[in-house]
Amino acid sequence: MMIVVLSAMVKLTLDFIARGTSGYTQKKRDETLPQYIRRLTHLYLENKNIDDVGDCLSMCKNLTVLYLYDNQLNRVPCLNSNSAITHLYLQNNNISLIENLNTLPQLQKLYLGGNTITVLEGLDKLKKLQELHVEHQRLPAGEQLLFDPRTLNALSGCLQVLNVSGNHLTGINDLSQLCHLNSLIAADNLLNDMKELAQLLATWTSLTRLDLTGNPICQQTKYKDRIIVLGSSLEWLDGKHITATARKFLVNWHANREENRKKFQENLMREETYPTSVHVHTGDLPPLRSAPLRQRSISSYVMPGLPRKQFDDILAKSHFPQKPRSGASRPSEESVEVFQMTRGGGRPPQQHWQ
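Residues numbered from 1 in each chain as written. Predicted model: local features only at pLDDT ≥ 70, side-chain atom pairs only at ≥ 80, totals over all residues. Heavy atoms only, no water.

Here we look at the overall build of the protein
Helix and strand content of the protein: 8 helices and 14 strands. When the 354 residues of the protein are sorted by exposure, 33% land in the buried category. In the protein, once contacts between residues fewer than 6 apart in sequence are set aside, the share between residues at least 24 apart is 40%. Of the roughly 22900 Å² that the protein leaves accessible, carbon and sulfur atoms contribute 51%. (Helix = DSSP H or I, 4+ residues; strand = E, 2+ residues; numbered from the N terminus. Buried < 20%, exposed > 50% of the residue type's maximum accessible area, 1.4 Å probe, protein only. Contact = heavy atoms within 4.5 Å. Areas by Shrake-Rupley, 256 points an atom, 1.4 Å probe, with all protein chains shown as cover.)

Dropping the structure here:
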């Protein structure tokens, strides 16, 4: 026979609150219970099966740290009278909606992991919030944690630590507004976009800790090397310290690789712009083919200063003298003169012919 023991739900009372203190804060002999409760700064109410806080906490005027994790709360308790709270622990309850927190202007650390929250919202007035933990929400199948842009914008000037592990996230580009982050814990999600991560690391110039363990992106080639080079301010990656020597080596390696890649691209572009069309032969060159000689034509030459028509008339009446054979008659003086003039000389000297 199986025996099922159901834990009884507990409603918060003043006596319960009085027992939820540490040994450092004890009730004085002449002090009443309300006076004692009003003096408390820390309350340890974790793992008490509390499902209803009621109005009892309104008496804790000086409360700064409240532990309510591992209970059965279905909603964030109303803390309108506890404006001095700086640390609030509400993880591992049944909270599905973030509410009743804008009345805590001094809140610095908020723990909401292990609930059923589907949208990160309702934190618009928390201008001093430094740490926010919303890891491992019990989400419906196929859904991921969503981020309200108004809340992210409100937290952009103060939030330093964010834990969003185990929330089925496929991208974290919405978090780019959180420019003052120094620690991001996003383990056990579905992140796989190195380009998106590179853009975020360029934005998060103060990020010193990054945890992406359990994401598909961790399986990419040289994942850690690339992250270290991209995140110039990182000191811790996936729980391991980044030494100065390792960083210097990877940065130099990346710089040399980029320089070689750039040179290769420049050479490739140069070849595409000026393609090689002449093939160089290593053997003997073929013999050059002599170009045909153009026949000289006397008619194409005109003596300087002599009109073309006059030159043509003289040429028509004359012929080129040849060396006379034995017994040949001596050429006329006019023919010799014309021949010498066409050769560019003046009047020919007197010659003696055989």
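What follows continues from the structure just given.
Some remarks on the nonpolar core
Leu66, Leu88, Leu123, Leu132 and Leu184 are the most contacted members of the largest nonpolar core, which has 70 residues in total. The set of elements that each furnish at least two residues to this core consists of α1 (14-19), α2 (33-39), α3 (149-155), α4 (194-203) and α5 (223-230). Non-local contacts of leucine 184, meaning those with residues more than four positions away in its chain, are made with Leu162, Val164, Ile172, Leu175, Trp204, Leu207, Arg209, Leu210 and Asp211. (Core = buried A, V, L, I, M, F, W, Y, C linked by side-chain atoms within 4.5 Å.)

Topic: the sheet that holds strand β6 (residues 109-111)
An order of β2-β4-β5-β6-β8-β10-β11-β12-β13-β14 is seen for the 10 strands of this open sheet, with the pairing classed as mixed. Of all the strands in the sheet, just β2 (42-44) and β14 (240-241) have a single pairing partner and so form its edges. (Pairing = 2+ DSSP bridges.)

Observations regarding the packing of aromatic side chains
This structure, assessed with the given rule, holds 4 aromatic pairs. Pairing tyrosine 67 with tyrosine 69 gives two aromatic rings, centres 6.3 Å apart and planes at 80°, and the pair type is edge-to-face. Both rings, one in tyrosine 89 and one in tyrosine 111, keep their centres 4.4 Å apart while their planes meet at 10°; by these two values the pair is stacked. Here the residue tyrosine 89 occupies a position in strand β5 (residues 87-89), and tyrosine 111 occupies one in strand β6, the gap between them amounting to 22 residues. Residue tyrosine 89 shares its accessibility class with tyrosine 111, and that shared class is buried. Just above the ring of phenylalanine 16 sits the side chain of arginine 19; from NZ or CZ to the centre is 5.2 Å. (Phe/Tyr/Trp six-rings, centres within 6.5 Å; stacked < 30°, edge-to-face > 60°. Lys NZ or Arg CZ within 6 Å of the ring centre and 35° of its normal.)

None of this, on its own, says anything about what the molecule does.
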